[in-house]
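Chains, contacts and geometry: an overview
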Amino acid sequence: MKSNLINNYRMGGYLLIAIGLINLRYQTGHSGVVSHSLTILIPGALVLAATWIPAFTKRLESKAVQAFSITLGLILIAYAVIN
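A closer look at helix α4 (residues 63-82)
Between its terminal C-alpha atoms α4 stretches 28 Å, which fits the 28 Å expected from 20 residues at 1.5 Å a residue. Looking only at α4, the buried set comprises Gln66, Gly73, Leu76 and Ala80. Taken down its axis, α4 places every buried residue within 100° of arc, on the same side. Facing away from the buried side of α4 by over 90 degrees, the exposed positions are Lys63, Ala64, Phe68, Leu74, Ile75 and Ile82.

Following this line, the structure appears as structure tokens:
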């Protein structure tokens, strides 16, 4: 269970990084594209990094953190689509 949960966090982190980079590439020329892309990319990188640090992996297992991260991830994905 634990490795599957951590794998889900890693895939979510990779997803946000990919969406941030795609947003950066396809919106080149628009004002504020770097800040918008970094708003998506940085949380993804932080989630991905947290999955490799044992102290953080224990915290990622709590139901409250899971609910928060899912909510934040969905908000960031919606932000990328709307932006």
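A word on helix α2 (residues 33-50)
In this model α2 runs 26 Å from its N-terminal to its C-terminal C-alpha over 18 residues, within 8% of the 26 Å that 1.5 Å per residue would give. Residue threonine 39 marks the point of greatest curvature in α2, where the axis turns by about 30°; the proline proline 43 follows within four residues.

A word on the side chain of glutamine 27
Looking at the secondary structure, you find glutamine 27 in the loop between α1 (2-26) and α2. Contact partners of glutamine 27, with chain neighbours within four places excluded, come to Val33 and Asn83.

Describing the packing of aromatic side chains
Throughout the structure, instances matching the rule amount to zero aromatic pairs. Sitting above the plane of the tryptophan 52 ring, arginine 10 keeps its charged end 3.6 Å from the centroid.

Some points on the confidence of the model for the protein chain
For the protein chain, per-residue confidence averages 91 on the pLDDT scale, and 98% of positions sit at 70 or higher. For the protein chain, helix α3 (residues 54-60) is the element with the lowest average pLDDT, namely 90, and α2 is the one with the highest, namely 94.

The rules behind the values
- Residues numbered from 1 in each chain as written.
- Predicted model: local features only at pLDDT ≥ 70, side-chain atom pairs only at ≥ 80, totals over all residues.
- Heavy atoms only, no water.
- Helix = DSSP H or I, 4+ residues; strand = E, 2+ residues; numbered from the N terminus.
- Expected span 1.5 Å × (residues − 1).
- Buried < 20%, exposed > 50% of the residue type's maximum accessible area, 1.4 Å probe, protein only.
- Arc of directions from axis to C-beta.
- Bend = angle between axes of the 7 residues up to and from the residue.
- Contact = heavy atoms within 4.5 Å.
- Phe/Tyr/Trp six-rings, centres within 6.5 Å; stacked < 30°, edge-to-face > 60°.
- Lys NZ or Arg CZ within 6 Å of the ring centre and 35° of its normal.
- pLDDT = per-residue confidence, 0-100.

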